[in-house]
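Listed below, chain by chain, are the residues.
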Amino acid sequence: MLRDNKKHNQTTDTLIGQGSVIDGKLDCESNLRIEGKFKGEIHCKGQVIIGETGEANSNIHGTDIVVAGIVIGDITTNGRLTITSSGEVKGNVSVAKLIIAEGGLLIGTSTMEKAASPLPIKEKVSKSAQPEAG
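Residues numbered from 1 in each chain as written. Predicted model: local features only at pLDDT ≥ 70, side-chain atom pairs only at ≥ 80, totals over all residues. Heavy atoms only, no water.

Draft legend 1. Summary view of the environment of Gly 19. Mapped onto the elements of the fold, Gly 19 is located in the loop between strand S1 (14-16) and strand S2 (21-28). The spatial distance from the C-alpha of Gly 19 to the C-alpha of Glu 35 is 7.9 Å, given a sequence separation of 16 residues. (Helix = DSSP H or I, 4+ residues; strand = E, 2+ residues; numbered from the N terminus.)

Following this line, the structure appears as structure tokens:
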């Protein structure tokens, strides 16, 4: 069997593991999972997950965001923010969709705006034959 040696543009998810402490600015093209501690700005084109052991003292911009740990900072997404039963967000959130499970905590303000929807498709209107007056 021959192998296909074409290069694929695949991205690798980023993991900040439990016990890790990072300070700085993070720009991600793929998904991000934080189980350790992060302090700084996060800009992610993929999903951001703050795991149960994760702590982020950060402003977070991402596609979809799940908080099961602690976030101290503002969250902005055109997608969905999910705060699980173990999750805590201490900051303002600006989202398209917001889900807070029973036991989840949001201390701050929330602003919800509809995600940009595609333009409506125009339907063809057919003219039916009209009887002539006569």
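Picking up where we left off.
Draft legend 2. Highlighting the environment of Thr 77. Topologically, Thr 77 is positioned in strand S9 (residues 75-77). With relative accessibility at 3%, the residue Thr 77 sits in the buried group. Sequence separation of Thr 77 and Glu 113 is 36 residues, and the distance between their C-alpha atoms is 9.9 Å. Every residue in contact with Thr 77, bar those within four places of it in the chain, is listed here: Gly 62, Thr 63, Asp 64, Ile 65, Ser 94, Val 95 and Ala 96. Only 2.8 Å separates the side chain of Thr 77 from the backbone oxygen of Gly 62, close enough to count as a polar contact. Among the polar contacts listed, one links the side chain of Thr 77 to the backbone nitrogen of Gly 79, at a separation of 2.9 Å. (Buried < 20%, exposed > 50% of the residue type's maximum accessible area, 1.4 Å probe, protein only. Contact = heavy atoms within 4.5 Å. Polar contact = N/O pair within 3.5 Å; in protein donor to acceptor, adjacent residues only side chain to side chain.)

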